[in-house]
Amino acid sequence: MPLFGIYGKHTTEACPWNNIETAKMLLKLVQTDFESHAKECTINKIIGQYHSALEHTFLWVVEAEDPHLIQEFCVATEVATINELKIVPLITFREGVVPGMKKIHSL
Ligand SMILES: [Zn+2]
């Protein structure tokens with residue numbers, strides 16, 4: 001299953017720690033809507049959600065068939081309304097070393 005990283009960042013003004021409207025929106029999302037949006041957008045698995053609170057950045061790692069589904073998920077959850085986002089295909093270290101390097105160098 002293809003792995004993708006969702007790299008996000010927001011301004012200090014939009015940060016839910018500083019902005020009550022953003023805080024309310026994210027609380028509702030986490031408490032009621034997050035899993036249903038993931039299911040509707042065919043996000044197969046959310047591997048992890050890692051945040052650097054004071055840098056106002058995050059990395060979510062998800063499994064999905066198509067990055068367009070992740071784009072839909074980010075819009076549906078409104079995560080895209082307060083964050084600048086990058087959706088990046090990922091492989092594991094082992095996948096990069098074994099098939100990747102063998103193929104590139106004909107090893
Ligand atoms: Zn923040």
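Keep in mind the model is a prediction, meaning the values are calculated, not measured.

Draft legend 1. Structural view of the nonpolar core. Among the nonpolar cores identified, the biggest contains 15 residues, and Ile 6, Ile 43, Trp 60, Val 62, Ile 70 and Phe 73 are the most heavily contacted of them. Where this core is concerned, the elements lending two or more residues are β1 (3-9), α1 (20-40), β3 (57-63) and α2 (67-76).

Draft legend 2. Quick look at the coordination of the zinc ion. Protein coordination at the zinc ion: the donors are His 10 (NE2), Cys 15 (SG) and His 56 (ND1), at 2.0 to 2.3 Å from the metal. Counting along the primary sequence, the residues that act as donors to the zinc ion give the motif H-x4-C-x40-H. Accessibility assignment for this pair places His 10 and Cys 15 in one class, buried.

Draft legend 3. Quick peek at the pattern of salt bridges. By the definition in use, this model includes one salt bridge. Salt-bridge contacts for Asp 33 lead to Lys 28; the nearest nitrogen and oxygen are separated by 2.7 Å.

Parameters and conventions
- Residues numbered from 1 in each chain as written.
- Predicted model: local features only at pLDDT ≥ 70, side-chain atom pairs only at ≥ 80, totals over all residues.
- Heavy atoms only, no water.
- Core = buried A, V, L, I, M, F, W, Y, C linked by side-chain atoms within 4.5 Å.
- Buried < 20%, exposed > 50% of the residue type's maximum accessible area, 1.4 Å probe, protein only.
- Helix = DSSP H or I, 4+ residues; strand = E, 2+ residues; numbered from the N terminus.
- Donors = N, O, S within 2.8 Å, 3.2 Å for Na, K, Ca; no water.
- Salt bridge = Lys/Arg side-chain N within 4 Å of Asp/Glu carboxyl O.

Fair warning: the whole summary comes from geometry, so function is off the table for now.
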